[in-house]
Each structure stands twice: as C-alpha cells, then as structure tokens.
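So you can see what is in the structure, the chains are spelled out below.
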Amino acid sequence: MKTTLTRRIFITSGILAGTSLLLLPKSTKKAMTIEPFKIIEAVQEVLFPKGLQAPAASEFGAINYLAVVSSDRSFVKNDLKLLKEGAKKLIEQEPHFLRMTPQEQDQALRHFTQSKLGQNWTSLLLYYTLEALLSDPIYGGNRDQKGWQWLHHHTGKPQPQKPFGVRL
Amino acid sequence: MKPYDVCIIGSGAGASAVAHTLINAGKRVVILERGDFYREKDFSKDEIAYCKRDIVTPNLQESYHTIESFWQGKWVKTPTYITENSFFNGNVVGGSSNFMSGYFHRLKPKDFKLLSTYGAIKGANIVDWAIDYETLEPYYTQVEQQVGVSGSVTPYAHQEPRSTSDFPYPPLAEHPISQHIDKASKQLGFVPYRTPRAILSQAHAKRDACYYSNYCGSYGCSSGAKGSARAALLQPILDDPNLTIITHAFVKRLVEKNKEVTHATYVDTRTHQEHAITATLFVVAAQAVESSRLLLNSKSSNFPNGLANNSGQVGKNLLFSAGGVGTGEFDASIMPLGDLLQEGLFVNRSLCDWYFTDTMKGGVIDFLFEHANPISQASKQRWEGGELLWGERLQEKILRKFTQTRQLNFEVFNDWLPTDNCFVSVDERYKDIYGVPVANIRIGSHPHDLKVGRFLAQKAEAVMRAMGAKRVQSAISPYPPANLQAGGCRFGEDPKNSVLNPHCQAHEVNNLYVADGSFMPTGGSVPFTWTIYANGFRVGEHIRRLLT
C-alpha cells in the first residue's frame, strides 16, 4: 500500500512495550515523532481510568494495541489520520493537557467534545480503546486478558494463533 | 479437447452445489475463487479479523462498490471505501456460507406464484417463478442431507409440503430462554416455530458436531459443523483428480465468440498477472452483485451491453431481504443469572404465522441472542441518547451489560419487492485496482416493504413484552443487509424480460449458466441460502445430463 509509510510515521519504539513489538514490521520501529500518540495515550487514560474492578487503559495496553493495529494494512487509513489530527486539535485548544490532573483532563475533554469534531474524535478514540480492552491479546491489548476477566467474558475457541486472520 | 468440462466462477453455495454434482458424475471441473482457501484449522474466534477488518473480503482501497441512494431529489453514488460499509461477503473458498448463521427456511409453494397469489403492486416488478415448489422440493431435501440441517418439523398453518417426515439431524441444544419464547407465544395465540439450522448436531463423515463455541455467525466454523459450501460440498471432493480449485483468481471478463463463451480471463490478485481458462461450459456464481458485474463488464460486438444482456435485463431487479431488527433486554427477573448468561446454546425460535396473511405477503421473525462479540457489545454502550459516555459511567454501564443482562434480538425477514430502482450497473468512472469497473448498486426499496416489516416487528415486540423484556425496540429499515443478495439475472420463459431460461442457462448464450441467487425473480421472506443450495443442485443435475 502506498500509504503504509505515512501511517507508520507516528509510531515509536518508545511507546511499544512488550511482546507485541514482535508483530510489527521492522520499519515501524523507527521513531519519527511521538507527540500525537502521547496525547492519545493520555486521553485513553481519561476515557478508561482505573476503576474499582476495571483495568485502566495503561494496564491493558491500549496505546500499544493502537500502535500494532494501525500499522497493519487492514486499518482504515482515514481513521489514523483523524486520530492524529484530533490529537493536534486538542493540544491546540488545551496546550497544558499533558500536565493536567486527571480531573482537569476530564473537564478539558468535556469541553473539547462540545464541538462536533471533538466529539467524533473522542468517540473514535474510545472505540479503539474498547477494541484494545476486548480483542484477543495477540494484538497487544487486553493484556493478561484483563478486559475479558473484568467482564467474566469467555472468548470463543480456538483463539487466533496469528493476527489479522493470517492462515496457519 | 478442452481441459475442463465446466469452469465455475465463485465457490459459494450455488457454485459448490454444481461442482459437487458434476465431480460425482466424473466431469472435469475448475473453480475460480477470488479469495484464499481457509480450512477449519485456519479459522479462529478473532473478532478483530472476522468482524472488524476486511480480512476475508477485499480491501476497500483495492476493490469496492458504489452505492447509489436517493438524496435530496436525485440518485447519488458513494464509493464504499468512503463509507467503509463493504458489500463483499466472504471472498474465500466456500464464499459467504462460511460466515453465515445458518438460519434455514425453505420457500413456500406460494412464493413461486407471488403475482398469481396476491396480484400486482404498483411500482413493483412482481412475477411468478418459471418453476414451482414441487420442482425444487427434492433438492431442498438433498440439501438437508448433504449440507446438513438440524431441527424438528413444527406443524403450523403455512408448513410447506415435505418428501421426508423430519430433518436428518436432531435439534441443537437450546437455551432455557426458548421455553420462555414458547410460553409467551402460546399465550398470544402464536405458534413457536423451531428454527432449522444448517449446523450439524451430530458428527457426519469428516465433519465434527457443533461444539457450541458461542462465536458462530460471522465466524468460520472450526469443527466443520456449519454447513458451509466448503465443509459440506467441496472438502468431500477435494481429492478428486477431476477437481481443480484456483484461488486468488479474480475473473475480469468472459470472452465470447459466435455467442459461446470461449474462455474466462482472470487476474491473479497476488501477482496481477492475467490468465485464461477454456472450458466447454461456464457457470457464474460469484454472489448476485458480482455475477451481474461480470456479465455487464464482458462486452463484445455481439453483446455491446454486456454478455447475455441484449434484453437489458442483466443487473435488474436486484433483491435483498427487507425487514430489520429488534431487541429486548432480560435480567435475573426472568431466570437465575447463571442460566441466563449460559453461553453457546441456541435460541432457535421463529414466528412464521404471518408468512402469508389474507391481504398481503408477510414474512418470518427469527429470535437469537445478541452475538457474543464483546467489542461490538461494549462499544455500543458508549452512546446514551446523544451523549458520549466515558470513564466510570461507561465502565459501570459496560459491566452491568455483560454481567447482569442479556439481550435477545429478533430479525424480521420479508420480501424485498423488485423495483426499477434496485439494480446493478457498471460505470467506467469507478474502477478497481485491476482496471475493471466496479459494481454500482442502486438501492431503492418499495414502501410496501416497510409496511410489512413494521407489521411483523409489532408481533415480535409483543412476544418480547409478554416474556418480560425491558427496553423493547425495533428498527425496520429501507436499507438492505449487504449479505443477503439475490436477483439481477432473473430466470423466466421470455428472453425479452429475463436473462436466464428455467434451467438458469442464459437465453442468448448456450454454454453460460448462472447458479447463485441471481436467478430469483422474487426473494421470498427468508434468508436465501437454502434455496441457492437447492437450485445449485438442480442446475448441476441439468448440466450433468447435458454433458452425458
């Protein structure tokens, strides 16, 4: 795909912790710029914080998941564009977002979602955060099946041995 | 001598029924399948791969459709790579039957005579079929045996005649909620109908029985229990030296000389190299939309509007299934939570009492639990009215949804009336990466479809409420389910207003057949798959006799 390289620009080895790094093509590991994914990571923690029983986005590997799936050709390329553009818009509107307390971040995000663009962006990011929570751990999210365990969900068998439906 | 007796384009239900019949008769068959060959071991219950990405369908940047809908007074085409709403359905060996849920209903005798039974409806191109139910009945029975249908016959007013007393496989294990549907239906004077399923309740030959994975519809089956064309009809003949399956073969056009197809030109989707296949006879069965597209794109001096299309009928009277969906929520007030949340067991209940009414053709209501897919379930919770939820409120809502409740759904199936505004066409301005014009699908539904759908949805909602469901609601839509396609190459006696003769042979091209759902002039009020299988066996039998 012609667009593959541009899709990978914002993915950085600094974000990619753990075994899922092995799933990525080598070129993905080269860092270009970290910023949009840093913002996205912070917002994911607001969208899905540590709860009484619920695992936080950082615990189940939400940003790691996004890095893995967005580097695959099956990812909707426009979604990645929207995610990155929205992150930039949020920082334009809330320049101190990364240094705010969780309560301030929540308020800032509420303010941001007053606009149609802000709401669409937050909804899209929340969607991919929930994908990370409840997809098979092979994609780097749902770490230690924390998402499934929280909801007492038993996944269907067999689980995938390879990601993205690749034949055995 | 030509290398093959028959070249079949596509490998789904219709294609495989033809192939199975001809291979068993010793004919040399080549199947051209656009996608890959996934076997049981390749399938997994991966929601991302099978429900959330285009893995077993073409990447929409590479191939797509344009959807033509009526917007502000005119018809507007929108490519599906923009909407991300794919109209491809399972481009692998066995086709979309790999991913079906397998709710199996036969058509009824009066479905073959809709015009004679109910008369014309203004704006709808209703006709009687070129064959009757009795002609297709033996093949419906063959499907029960060879594809495998589990269930038990429910006597009710519109039960179609059967040549055997019951289904060859006993019913699948059922969830206790089915008894609640039975009770509520009987209270209301309705007949609870046990839904036949194309899923083996007992092992047969090399296919294992259903193992109740809880991840069924949209997923490939890992035991071979689901009656996909691949598991049921192709795998048993795979070792036959007369069968050749070429995968990654996208057929660009059929080439004709003196009104006979001479060869199929296909491109290998991995190498982009073109190849040609010659055969005595060609069978197109690529699912309705793509079959019409192939004929429309196969232009020649004899057929300037597309192969077998001097009538202008190719692509016309495309059908989907009309109707919609509804839901109701249950909690511990109906039964102990442990029972309610029990996974894997089937609901297998339908209501067919209004398949025919005195005044109009009705349809079928199928009950089913919401699919297990946790991403889909959770992500629906993020909206409450127009408000986007996140944080603790969202987490509480998701937790309750998964651990305290279960959603029972119903699906309404009624006839999608054929109209002049539902068809497949091609447009040189929109091409795939192989340079072939993609199918444009104009989607115009008849208002009558909504009226029937709403009538049926009210009946289903009444059952839900009688069961004690909360938040009962339904949505009847003029927008079609992309996976339930038929029509586009009507069969009939008159070459002026049909593409195929009653044998599904092109009126204008002797060695060309169409064997998917394209032949259907009206669709009936049920999922098409059983009828496509049955007709595939019928067409296969006709070709077998022709070649002998």
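Residues numbered from 1 in each chain as written. Chains lettered and ligands numbered in written order. Predicted model: local features only at pLDDT ≥ 70, side-chain atom pairs only at ≥ 80, totals over all residues.

We now examine the overall build of chain B. Counting its regular elements, chain B contains 13 helices and 22 strands. For 548 residues, the compact-globule estimate of 2.2 N^0.38 gives 24 Å, and the C-alpha radius of gyration of chain B, at 23 Å, lies within 12% of that figure. For the C-alpha atoms alone, the extent of chain B along its principal axes is close to 70 × 50 × 50 Å. Considering only intrachain contacts with a sequence separation of at least 6, the fraction spanning at least 24 residues in chain B is 72%. (Helix = DSSP H or I, 4+ residues; strand = E, 2+ residues; numbered from the N terminus. Rg over C-alpha atoms; globule rule 2.2 N^0.38 Å. Contact = placed C-beta atoms within 7 Å.)

When its secondary structure is counted, chain A shows eight helices and zero strands. Taken from the N to the C terminus, the helices and strands of chain A come in the order α-α-α-α-α-α-α-α. Across the 168 residues in chain A, those meeting the buried criterion constitute 42%. Here the analysis covers contacts within chain A between residues at least 6 apart in sequence; of these, 65% occur between residues at least 24 apart. (Buried ≥ 20, exposed ≤ 12 C-beta atoms within 10 Å, placed from the backbone.)

Further remarks concern the sheet that holds strand β9 (residues 274-278) of chain B. Residue and element names in this part refer to chain B. Overall, antiparallel pairing links the three strands, which are arranged β7-β8-β9 in an open sheet. The two strands at the open ends of the sheet, each matched to only one other strand, are β7 (249-257) and β9. Within the sheet, the average angular offset between the axes of one strand and its neighbour, ignoring direction, is 30 degrees. By the bridge criterion, five bridges tie strand β8 (residues 260-268) to β9 in an arrangement that is antiparallel. Residue Y266 lies in a different strand from β9, and its bridge partner there is H275. (Pairing = 2+ DSSP bridges. Axes fitted to C-alpha atoms, helices over the stretch in contact; angles between N-to-C directions.)

Bring the parts together and some accessible area is lost; that lost area is often taken as the interface size. With 37 residues of chain A at the contact, the number on the chain B side is 39 residues. Residue assignment for the side of chain A that touches chain B shows that the elements contributing at least two residues are α2 (35-47) and α7 (116-134) of chain A.

Next up on the list: the packing of α2(A) against helix α6 (residues 102-112) of chain A. Residue and element names in this part refer to chain A. Running from N to C, α2 and α6 cross one another at 95 degrees; their axes reach a closest spacing of 10 Å. Between α2 and α6, the angle falls in the class roughly perpendicular. Taking contact as the criterion, the partners of A42, V43 and V46 in α2 are, on α6, P102, Q105, D106 and L109. Looking at side-chain class alone, the contact of α2 with α6 contains five nonpolar, one polar and one charged residues. (Parallel < 35°, antiparallel > 145°, perpendicular 65-115°, else oblique. Nonpolar A, V, L, I, M, F, W, Y, C, P; charged D, E, K, R; others polar.)

Below, the discussion takes up the sheet that holds strand β5 (residues 192-194) of chain B. Residues and elements named next belong to chain B. Across the sheet, six strands lie side by side as β5-β13-β14-β17-β12-β20; this open sheet has antiparallel pairing. Two strands lie at the open edges of the sheet, namely β5 and β20 (470-477), each paired on one side alone. Across the sheet, the mean angle from the axis of one strand to that of its neighbour is 25 degrees, orientation sign disregarded. Relative to strand β17 (residues 406-415), strand β12 (residues 321-330) runs antiparallel, the two sharing ten bridges. Its bridge partner being in β17, A322 is matched across the sheet by N414. Across the face of the sheet, helix α6 (residues 177-187) comes into contact with β5, β13 (349-351), β14 (363-369) and β17 while running at roughly 145 degrees to β5.

In this section: the pairing of β12(B). Residue and element names in this part refer to chain B. Of all ten residues in β12, seven are buried; the element is thus mostly enclosed. In this sheet, β20 lies alongside β12 in antiparallel orientation, the contact comprising six bridges. Paired with V325 across the two strands is A475, which belongs to β20.

With respect to the helices and strands, the residue B:A13 is situated in helix α1 (residues 13-24). Discounting chain neighbours no more than four positions away, the residues touching B:A13 are B:G95, B:S97, B:A229, B:T529, B:I532, B:Y533 and B:G536.

With that out of the way, let us pick up the packing of α2(A) against α7(A). All names here are of chain A. The N-to-C vectors of α2 and α7 enclose an angle of 80 degrees; their axes lie 10 Å apart at closest approach. With respect to each other, α2 and α7 are oriented roughly perpendicular. Seen from α2, the contacting residues are I40, V43, Q44 and L47; seen from α7, they are L125, L126 and T129. Residues that form the contact of α2 with α7 fall into these classes: five nonpolar, two polar and no charged.

A few words now on the pairing of strand β19 (residues 437-443) of chain B. Residues and elements named next belong to chain B. Among the seven residues in β19, five count as buried, and that is most of the element. Where strand β3 (residues 66-71) lies against β19, three bridges are found, and the strand directions are parallel. Residue pairing for β19: T66 is matched across the bridge by N440. Sheet topology places strand β18 (residues 422-431) next to β19; six bridges connect them, and they run antiparallel. The partner of S425 across the bridge, within β19, is N440. In this antiparallel pair of consecutive strands, β18 and β19, the connection spans five residues, and G435 shows a positive phi of 80 degrees.

Take the nonpolar core next. By size, the foremost hydrophobic cluster in this structure holds 198 residues, and its most contacted members are B:C7, B:I8, B:I9 and B:V283. Non-local contacts of B:I8, meaning those with residues more than four positions away in its chain, are made with B:A15, B:V18, B:A19, B:V29, B:I31, B:V283 and B:A285. (Core = buried A, V, L, I, M, F, W, Y, C linked by C-beta atoms within 7 Å.)

Looking now at unusual backbone geometry. Along the chain, A:K157 connects to A:P158 via a cis peptide bond; the corresponding omega equals 0 degrees. Relative to the helices and strands, A:P158 is located in the segment after α8 (146-150). At A:N142, a position not held by glycine, the phi torsion is positive, near 45 degrees. Topologically, A:N142 is positioned in the loop between α7 and α8. With a phi angle near 50 degrees, B:N348 is a residue other than glycine that sits in the positive phi range. Counting through the fold element by element, B:N348 comes out in the loop between α9 (337-340) and β13.

Another aspect to go through is the environment of B:V526. Within the secondary structure, B:V526 is located in the loop between β22 (512-514) and α13 (529-547). Assessed through the 26 C-beta atoms surrounding it within 10 Å, B:V526 is described here as buried.

All names here are of chain A. Taking 1.5 Å as the rise per residue, helix α5 (residues 77-93) with 17 residues should run 24 Å; its terminal C-alpha atoms sit 25 Å apart, in good agreement. The set of residues buried in α5 consists of L80, L83, K84, G86, A87 and L90. Taken down its axis, α5 places every buried residue within 160 degrees of arc, on the same side. Along α5, exposed side chains directed more than 90 degrees from the buried face belong to N78, K88 and E92. (Expected span 1.5 Å × (residues − 1). Arc of directions from axis to C-beta.)

Take α2(A) next. Counted at 1.5 Å a residue, the expected span for α2(A) with its 13 residues is 18 Å, and the 19 Å between its end C-alpha atoms agrees. Burial runs high along α2(A): ten of the 13 residues are buried. Of all the positions in α2(A), only A:P36, A:F37, A:I39, A:I40, A:E41, A:A42, A:V43, A:Q44, A:V46 and A:L47 are classed as buried. Considering only its buried residues, α2(A) is in contact with α3 (57-60), α4 (62-70), α5, α6 and α7 of chain A together with α11 (391-404) of chain B.

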